[in-house]
Each structure stands twice: as structure tokens, then as C-alpha cells.
Amino acid sequence: MSIEDCRIVELPKIHDPRGNLTFIEGGSHVPFDIQRVYYLYDVPGGAERGGHAHKGLSQLIIAMSGSFDVIIDDGKDKKRIHLNRSYVGLYVCPMIWRELDNFSSGSVCMVLASNRYSEDDYYRDYGEFMRARWA
Ligand code: TYD
């Protein structure tokens, strides 16, 4: 798995003068079964989130409101992706170190995940992540 396996997923958007609508259906728009949804909000200016990798978890990260950057890093290559549309998700595959920063005021980051929360699935130490990647 490399950062090349991470990709932007454009979700359906129903344009409407009354307000746009986007939907996400399991099995068609997300390349995994959704087991969990969580969101980050009330993020203070200058804060950084993430700073870890997952052993087996796949995620789709969406800027539901406002904007932020996601830095993805496979230990060899690194890329900064700006998310600012509620109909665009970033698919992040397992074994990718990610950091989130540059949150705009009032932004909301929603994450769809392929599994329920498990601390055992995390690498929170970059050195440990690198050793596991290149072992
Ligand atoms: P963490 O995944 O480190 O946050 P982020 O990557 O968004 O900065 O999680 C922060 C805390 O919240 C940590 O103590 C674990 C807890 N947590 C849950 O209990 N359930 C969850 O689904 C998530 C994502 C985190």
C-alpha cells in the first residue's frame, strides 16, 4: 500500500436551488463496508489532528464544512491534499501515516471507517510505523 493507493472519491451531488444534496451508499461509493462514522469539530485554529497510521483500517475523509489539509505519508512519499468540498472524499488505505492541519474556522471533518474503534489498530509512533512498513 502506498500513497498512490489513496485517492479522491467524488460523491454524487444533486444540484438544487434549495440547496445541494450528496449521498453515500454502502457498497457503491466507498470501497469498504462502513462500520463507524466519526467527526472532528470545534477544532481550534492552528491545531493538528491525526499523527498516526492504521494497521488495517480504511477510511474516507470528507470536509463536511469548511476546509483542512490531510498529509498522507507511506514512509517513502508524502502528499498534502486540501479538502474543501462536502461532495469530495479522500480514501486513505491502511498503513498510511496521516496528519490533518490547516483547519478553517468552523470546519467539520467527517470520517467513514471500515471498522469499529480499536487502539490496537494504531501506530502512534512514527519510528514504529516505519519499522513495520519496511521490515
Ligand atoms: P484519534 O484517532 O487519535 O484522533 P485524531 O486522529 O482524529 O486526531 O482519537 C482521539 C481520541 O479519541 C483517542 O483517545 C481515541 C478516541 N476515539 C474513540 O474513542 N473512538 C473513535 O472512533 C475515535 C476515532 C477516537
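Every value quoted in this text rests on a predicted model; they were computed, and no experiment measured them.

A.B. asks: In this structure, what is going on with the site of the ligand? I would like to understand it.
C.D. replies: In the region of the ligand, the neighbouring residues are Arg36, Tyr38, Leu40, Arg49, Gly50, His52, Tyr117, Tyr122 and Arg124. A distance of 2.5 Å separates an oxygen atom of the ligand from a polar atom in the side chain of arginine 36. Between histidine 52 and the ligand, the recorded distance is 2.6 Å, taken from a side-chain N or O atom to an oxygen atom. Notes on the ligand: free accessible area 530 Å², of which the protein chains cover 64%. Contributing elements (two or more residues each) for the shell around the ligand: strand 4 (36-40) and strand 5 (49-54). Here the shell around the ligand is built from residues that sort into four nonpolar, two polar and three charged.

A.B. asks: Got a minute to help me understand the packing of aromatic side chains in this structure?
C.D. replies: What describes a pair of aromatic rings is the distance from one ring centre to the other and the angle between the planes of the rings. The tally for this structure, following the rule as stated, stands at eight aromatic pairs. Here the aromatic cluster, defined as three or more aromatic residues joined through ring pairs, consists of Trp97, Tyr123, Tyr126 and Phe129. The ring of tyrosine 123 carries the charged tip of lysine 55 above its face, separated from the ring centre by 5.1 Å. Cation over ring: arginine 133 sits above tryptophan 134, and NZ or CZ is 5.2 Å from the ring centre.

A.B. asks: Help me understand the sheet that holds strand 7 (residues 68-73) in this model?
C.D. replies: In any sheet, the strands associate via hydrogen bonds between backbone groups, in a parallel or an antiparallel arrangement. Read across the sheet, five strands follow the order 8-7-10-5-12 without closing on themselves; strand pairing throughout is antiparallel. Two strands bound the open sheet, and with one partner strand each, they are strand 8 (78-83) and strand 12 (122-123). Direction of pairing for strand 7 relative to strand 8: antiparallel, over a ladder of six bridges. Paired with phenylalanine 68 across the bridge in strand 8 is leucine 83.

A.B. asks: How should I be thinking about the state of the cysteines in this particular structure?
C.D. replies: In a disulfide, the sulfur atoms of two cysteines are held together by a covalent bond. Tallied over the entire structure, the rule returns zero disulfides. Not engaged in a disulfide, the cysteine cysteine 93 finds its nearest cysteine sulfur in cysteine 6; these two sulfurs lie 3.9 Å apart. In this structure cysteine 93 comes out as buried when scored by relative accessible area, which is 0%.

A.B. asks: What is the right way to read the nonpolar core from this model?
C.D. replies: General note: in soluble globular proteins, nonpolar side chains tend to be found buried as a group. The biggest cluster of nonpolar side chains holds 30 residues, and the ones touching the most others in it are Leu60, Ile61, Phe68, Val70, Ile72, Leu83 and Cys109. Elements with a minimum of two residues in this core: strand 6 (59-65), strand 7, strand 8, strand 9 (88-92) and strand 11 (108-113). When sequence neighbours within four positions are dropped, the list of residues in contact with isoleucine 72 reads Ile3, Cys6, Asp77, Lys78, Lys79, Ile81, Leu90, Val92, Ile96 and Trp97. The next biggest cluster of nonpolar side chains, apart from the first, holds five residues, and it includes Ala53, Met95, Trp97 and Tyr123.

Here is what the cut-offs are and how they apply
What you see as residue numbers is a count from 1 along each chain, following the sequence as written. At least 70 in pLDDT is required for a residue's local features to be given in this predicted model, at least 80 for side-chain atom pairs to be given and counted, and no such filter applies to totals for whole chains, interfaces and linings, which use all residues. Heavy atoms from the whole structure form the basis of all side-chain values; hydrogens and water molecules are not counted. The near set for a molecule or strand comprises every residue that places at least one heavy atom within 4 Å of it. Distance and chemistry together define a polar contact, namely a pair of N or O atoms within 3.5 Å, with one atom able to donate a hydrogen and the other to accept it when in protein, and with adjacent residues in sequence counting only for side-chain atoms on both sides. Only the protein chains shown count as cover for residues, with accessible areas throughout obtained via the Shrake-Rupley method and a probe of 1.4 Å. Per the convention used, a helix needs a DSSP run of H or I reaching at least four residues, while a strand needs a run of E reaching at least two, with both numbered from the N terminus. For this scheme, ten residues count as nonpolar: Ala, Val, Leu, Ile, Met, Phe, Trp, Tyr, Cys and Pro. Four count as charged, namely Asp, Glu, Lys and Arg, and the remainder, Gly too, count as polar. Two rings belonging to Phe, Tyr or Trp (six-membered ring only in the last case) form a pair when the distance between their centres is within 6.5 Å. Interplanar angles under 30 degrees mark stacking, angles over 60 mark edge-to-face geometry, and anything in between is tilted. Placement of a positive charge over a ring is assigned whenever Lys NZ or Arg CZ falls within 6 Å of the ring centre and within 35 degrees of the normal to the ring plane. Paired strands are those between which DSSP finds at least two bridges. Two cysteine sulfur atoms make up a disulfide if the distance between them is within 2.5 Å. Per-residue accessibility, obtained with a 1.4 Å probe over protein chains only, is compared with the maximum for each type, and a residue is labelled buried under 20%, exposed over 50%, and partly exposed between these values. To qualify as a nonpolar core, a set must consist of buried Ala, Val, Leu, Ile, Met, Phe, Trp, Tyr and Cys residues joined through side-chain atoms within 4.5 Å. Two residues form a contact once any of their heavy atoms are found within 4.5 Å.

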